[in-house]
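# An overview of the molecular structure
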Amino acid sequence: MRRGGVSWGRLPGVEQRLLPVTSRHQPLPDQPSMLPWGNGRSYGDSCRNDGGVLLGTRTLDRYIAFDPATGVIDLEAGVLLGELIDLTLPNGWFPAVTPGTRWVTVGGAIANDVHGKNHHRAGSFGNHVLDLELLRSDGAVLHCSPTAHADRFAATIGGLGLTGLIRRARLQLKRVAGPWLRGDSQRFGSLGEFFAIAAESERDWEYTVAWLDCSATGGQLGRGIFIRGNHAPAQVAAAAQAPGSGRLRLPFTPPVSAVNSLSLRAFNTLYFHRPSAVARDALWHYRPFFYPLDAIVDWNRMYGPRGFYQYQCVLPQAGAVEVLTDMLRRIGASGLGSFLVVLKTFGEQPSRGLLSFPRPGVTLALDFPNRGERTLALLEALDALTLAAGGAVYPAKDARMSAAAFQQYFPGWQAFAGHVDPKFTSSFWRRVTGSARR
Amino acid sequence: MRRILIMGATSAIAEATAREFAALGAALFLVGRDADRLAAIADDLRLRGAAQVEIRVLDARELAAYPQLVDTATARLGGLDTALLAHGTLTDQAAAQASIELLADEFRINALSHMALCTELGNRFESQGHGCIAVISSVAGDRGRQSNYVYGAAKAAVTAFTSGLRQRLHPKGVTVLTIKPGFVDTPMTAAFRKGPLWATPAQVGKAIARAVQRGTPVLYTPWFWWPIMQIIRNIPEAIFRKLRL
């Protein structure tokens, strides 16, 4: 049994029954409605199965084989990326793609085909999966790869856990010299400037990302900070001091959201103007570089008991400045905004999944405290802009997009539906396909 | 390097503890009933740093097999200095109230087997003059309660037995650790509703590994079970018999 915090956005929902999967040698339980559940870092309802069962995969966390010569790791799907890094980094291997938190399971990273700051170079997580093992509710075990059961493989990458239980996977890791990254950060004054810096940076910088000040208006609209980095060679790192592993914890949920228009404007202005926003030659440990929010355990509680919505869309490059400007104006006018606005260009490398979110263009991510109808109306307005621009919204972050919007964002959804296990479903899937509860 | 025998090695607490020792480079001999699961755990522990991992399939109720089991473990690991007894079942109280046969079987798996293996290991460690025997008992053994007194009584036997063994072996340089976990979120307790008192196997595994290294005699884990159990043990019987615990 598990209450509340089933998904990262902490939106109110019904209690879920969690059945842990403790061995990769055991069959699935005999249940009519199941959904794999890793570490609960999806924001909305793609990791919820109201009225059904969640198959807990954190107990599937064994390593099977690791070759320090080739960087190929074979492991159970419930291992967290952070745990994987602890094992392989001392041997000079790092995940080829990592999202903004290391507290996701490998299975979850595959099922959401997550992306990171190096999308323009490396594509998304699924591009580095060599093969995976899928357990279906009829007992069949499928070994899927780009060459074996290729269609089922394509459905499972980014398949939101609906094609069966991913029990194990083999990943190709990336060679690195050590835990350090070297790079710089700079302020930009407009979206046009952002795109110019991004274009100029993509050739020489493996990781690029920008933070955007969403409370800026008028001539300051679109300002932010651009950060870029590369894995540092070993000799650079020798002198550096690793950060402590201490973490802060948000120990309670404030009675109302601590995020409001006043705190937002103050934070964003300070963040933009702080002296350290500009760094010429910075050396970062990989943890603060990739996972700044992991330093605050349960940061999602900051939005209070009603939780929050995350909105992440991708827009085609052509016309993106106009659409983003329109979005930022609407968000500014609504007074509902977020600290954590992230802007990042996606590269051309095609995603492998039928339902993969990443596609060429630019992605914008923001979060909004749940203020009920007002918030939903704003998100609907943003969706209209995304739809008109030919973009898409990220299912892993979503709790509210309409079925019509989903079906336009993901034209492969009907082909995908044929791969869904008859006993697997999620609250998200029922919502966006308009299907009755199973 | 520690050379460790683990009974019930596929249990969540045993696996979590084994990971702690693997990270320290220990050699491990894992005993359990399920060959596939033992093999999967062995591969994992090797990658986590264990110097050596051996597996053996055995039902803990086969008490007669214990001397040979300890022989094999000692031979394979090139010696033996630590044992963790983590096997057992969570007794179905209602069923055990209704069946003497089940009652006897539960005592065999949750008490007699521990005492038998402790005897075998205790004698060997005594003659070699060092070693640590860590045995998982339970807070349930501190006082019988109507909801699980068959399980609790078996664990009480383990607690009393290891207490006596500890006294006997202390002067011989052998430590005996009685481990009393509270509520742990494992497959054994999957059916229970979890609250703030519940611990993870990883937390309990860390505490056990630390206690083994320090030579702690009795470990309540998490620690707050010690004051809780002091209170429960000291409730007068006149009141206790009316409680619905």
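Residues numbered from 1 in each chain as written. Chains lettered and ligands numbered in written order. Predicted model: local features only at pLDDT ≥ 70, side-chain atom pairs only at ≥ 80, totals over all residues.

Check the secondary structure of chain A and you find 13 helices and 20 strands. The C-alpha radius of gyration computed for chain A amounts to 21 Å, which stays within 12% of the reference 22 Å derived for 438 residues, consistent with globular compactness. Its C-alpha atoms give chain A principal-axis dimensions of roughly 60 × 55 × 45 Å. By residue count, 50% of the 438 residues in chain A fall in the buried class. Restricting to contacts in chain A with at least 6 residues of sequence separation, those with at least 24 account for 76%. (Helix = DSSP H or I, 4+ residues; strand = E, 2+ residues; numbered from the N terminus. Rg over C-alpha atoms; globule rule 2.2 N^0.38 Å. Buried ≥ 20, exposed ≤ 12 C-beta atoms within 10 Å, placed from the backbone. Contact = placed C-beta atoms within 7 Å.)

A few words on the sheet that holds strand β4 (residues 82-85) of chain B. Residue and element names in this part refer to chain B. Spatially, 7 strands are ordered β3-β2-β1-β4-β5-β6-β7 in an open sheet, and the strand pairing comes out parallel. Only two strands of the sheet have a single partner each, and these edge strands are β3 (52-57) and β7 (218-221). Shown here is a sheet whose adjacent strand axes are inclined to one another by a mean of 15 degrees, direction ignored. With respect to the sheet, helix α5 (residues 100-128) is in contact with β1 (3-7), β4, β5 (131-136) and β6 (174-181), its orientation differing from that of β5 by roughly 165 degrees. (Pairing = 2+ DSSP bridges. Axes fitted to C-alpha atoms, helices over the stretch in contact; angles between N-to-C directions.)

Further remarks concern unusual backbone geometry. In this model, Thr221(B) is joined to Pro222(B) through a cis peptide bond whose omega is -5 degrees. Secondary-structure assignment places Pro222(B) in the loop between β7 and α8 (225-234). At Asp113(A), a position not held by glycine, the phi torsion is positive, near 40 degrees. Take Asp113(A): it is sitting in the loop between α2 (106-111) and α3 (119-122). With phi around 45 degrees, His149(A) is a residue other than glycine that occupies positive phi space.

This next bit is on helix α2 (residues 35-47) of chain B. Spanning 13 residues, α2(B) covers 19 Å between terminal C-alpha atoms, matching the ideal 18 Å at 1.5 Å per step. Taken residue by residue, α2(B) has Arg37(B), Leu38(B), Ala40(B), Ile41(B), Ala42(B), Asp44(B) and Leu45(B) as its buried positions. If you follow the buried residues of α2(B), they end up packed against β4 (63-67) of chain A together with α1 (12-23), β2 (27-32) and β3 of chain B. At the exit of α2(B) stands Gly49(B), carrying a positive phi of roughly 120 degrees. (Expected span 1.5 Å × (residues − 1).)

With 108 residues, the main nonpolar core has Val106(A), Ile110(A), Ile166(A), Ala169(A) and Ala210(A) as its most contacted residues. Aside from chain neighbours lying at most four places away, what touches Ile166(A) is Pro36(A), Ala77(A), Gly107(A), Ile110(A), Ala111(A), Leu132(A), Leu134(A) and Thr156(A). Among the nonpolar cores identified, the runner-up in size contains 68 residues, and Ala9(B), Ala86(B), Leu117(B) and Phe125(B) belong to it. (Core = buried A, V, L, I, M, F, W, Y, C linked by C-beta atoms within 7 Å.)

A separate point is the environment of Ala266(A). With respect to the secondary-structure elements, Ala266(A) resides in helix α7 (residues 261-273). Each C-alpha atom of the pair Ala266(A) and His119(A) lies 31 Å from the other, and the pair is 147 residues apart in sequence.

Further remarks concern the interface of chain A and chain B. Every contact between the two is made by 13 residues of chain A and, on the other side, 11 residues of chain B. Mapped onto the side of chain A that touches chain B, the elements with two or more residues apiece are β1 (17-20) and β4 of chain A. The element that contributes the greatest number of residues to the side of chain A that touches chain B is β4(A), accounting for 4 residues. For the side of chain A that touches chain B, the per-class residue count stands at 8 nonpolar, 3 polar and 2 charged. (Nonpolar A, V, L, I, M, F, W, Y, C, P; charged D, E, K, R; others polar.)

With that out of the way, let us pick up the sheet that holds strand β19 (residues 361-369) of chain A. All names here are of chain A. Pairing within the open sheet is antiparallel, and its 8 strands lie in the order β15-β11-β13-β12-β18-β19-β17-β20. Looking along the sheet, the strands with just one partner apiece sit at the ends: β15 (279-285) and β20 (392-393). Across 5 bridges, strand β11 (residues 180-188) lies against β15 in antiparallel orientation. Bridged to serine 185 within β15 is alanine 279. Against the sheet, helix α10 (residues 373-389) engages β17 (308-315), β19 and β20, with an angle of about 10 degrees to β17.

Bringing the pairing of strand β18 (residues 342-346) of chain A into the picture now. Residue and element names in this part refer to chain A. Buried residues dominate β18, accounting for 4 of its 5 residues. Inspection of the sheet shows β18 paired to β19 by 5 bridges, in the antiparallel sense. Among the inter-strand pairings, threonine 345 is bridged to a residue of β19, identified as valine 362.

Turning our attention to the confidence of the model for chain A. Overall, the predicted model of chain A reaches an average pLDDT of 91, with 95% of residues at or above 70. This stretch, residues 1-5 of chain A, has a pLDDT under 50; its non-local contacts, to residues over four places away or in other chains, come to 12 contacts. (pLDDT = per-residue confidence, 0-100.)

In this section: the packing of α1(B) against helix α7 (residues 201-214) of chain B. The relative placement of two packed helices is expressed as an angle between their axes plus a distance between the axes. Residues and elements named next belong to chain B. Between α1 and α7, the least distance of the axes is 8 Å, while the angle of their chain directions is 55 degrees. Here α7 runs oblique to α1, going by the angle between their axes. Both α1 and α7 take part in a crossing whose hand is right-handed. When α1 is examined against α7, the residues Ala12, Ile13, Ala16, Thr17, Arg19, Glu20 and Phe21 are found in contact with a partner set consisting of Pro201, Ala202, Val204, Gly205, Lys206, Ile208 and Ala209. (Parallel < 35°, antiparallel > 145°, perpendicular 65-115°, else oblique. Left-handed = near helix turned anticlockwise from the far one by under 90°.)

Take the confidence of the model for chain B next. The predicted model of chain B has a mean per-residue pLDDT of 95, with 98% of residues at 70 or higher. Interface predicted TM-score (ipTM) for the complex: 0.91; the corresponding pTM is 0.92.

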